[in-house]
Amino acid sequence: MVWKVFVIVAVLIGIALTGLGISLIVKRNGRFPETHIGRNKAMKARGIHCANTTDRLERENYRAVKNS
């Protein structure tokens, strides 16, 4: 029973990987879309930065709070 499930899962994963490979070959650029926030054009247009950039900007604009 376990072997049947394993074979079915392996076949499904193989079909998915084959589909991804064919789509990369057929597409004009043949590249995966950019998923990193810092290099994504749509995210840049909205003013959204990656966590590292946001942290750096926060540290640059940091003002200590004075205790009374």
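Residues numbered from 1 in each chain as written. Predicted model: local features only at pLDDT ≥ 70, side-chain atom pairs only at ≥ 80, totals over all residues. Heavy atoms only, no water.

So, the overall build of the chain
- Along the chain, the regular secondary structure elements total three helices and zero strands.
- Sequence-ordered secondary structure for the chain, helices as α and strands as β, is α-α-α.
- Taking 68 residues into account, the globule formula puts the C-alpha radius of gyration at 11 Å, and the chain, at 23 Å, lies well above it.
- In terms of its C-alpha atoms, the chain occupies a principal-axis envelope of roughly 70 × 40 × 15 Å.
- By residue count, 1% of the 68 residues in the chain fall in the buried class.
- Carbon together with sulfur atoms contributes 62% to the accessible area of the chain, which is approximately 6900 Å² in total.
- Distance between charge centres in the chain, computed from 12 positive and 4 negative side chains, equals 11 Å. (Helix = DSSP H or I, 4+ residues; strand = E, 2+ residues; numbered from the N terminus. Rg over C-alpha atoms; globule rule 2.2 N^0.38 Å. Buried < 20%, exposed > 50% of the residue type's maximum accessible area, 1.4 Å probe, protein only. Areas by Shrake-Rupley, 256 points an atom, 1.4 Å probe, with all protein chains shown as cover. Lys, Arg positive; Asp, Glu negative; His and termini not counted. Charge placed at Lys NZ, Arg CZ, Asp CG, Glu CD.)

Digging into the pattern of salt bridges
- Within the structure shown, the criterion is met by two salt bridges.
- Its salt-bridge partner being arginine 59, residue aspartate 55 comes within 3.0 Å of it at the nearest N-O pair. With aspartate 55 and arginine 59 both in helix α3 (residues 51–60) and four residues apart, this pair spans about one turn of that helix.
- On the basis of relative accessibility, which here comes to 39%, the residue aspartate 55 falls in the partly exposed class. (Salt bridge = Lys/Arg side-chain N within 4 Å of Asp/Glu carboxyl O.)

Some points on the packing of aromatic side chains
- Inspection of every chain in the model, using the stated rule, returns one aromatic pair.
- Taken together, a centroid distance of 6.1 Å and an interplanar angle of 85° make the contact between tryptophan 3 and phenylalanine 6 edge-to-face. Placement of the pair is tryptophan 3 and phenylalanine 6 together in helix α1 (residues 2–26), with a separation of three residues, close to one helical turn.
- Phenylalanine 6 sits in the exposed class, given a relative accessible area of 53%. (Phe/Tyr/Trp six-rings, centres within 6.5 Å; stacked < 30°, edge-to-face > 60°.)

Some words on the environment of leucine 17
- By the element assignment, leucine 17 lies in helix α1.
- Taking relative accessible area as the criterion, leucine 17 reaches 55% and is therefore assigned exposed.
- Sequence-wise, leucine 17 and alanine 51 are 34 residues apart; in three dimensions their C-alpha atoms are separated by 31 Å.

Details of the confidence of the model for the chain
- With 94% of its residues at a pLDDT of 70 or more, the chain shows a mean pLDDT of 84.
- The element-level mean pLDDT for the chain is lowest in helix α2 (residues 41–46), coming to 84, with α1 highest at 92. (pLDDT = per-residue confidence, 0-100.)

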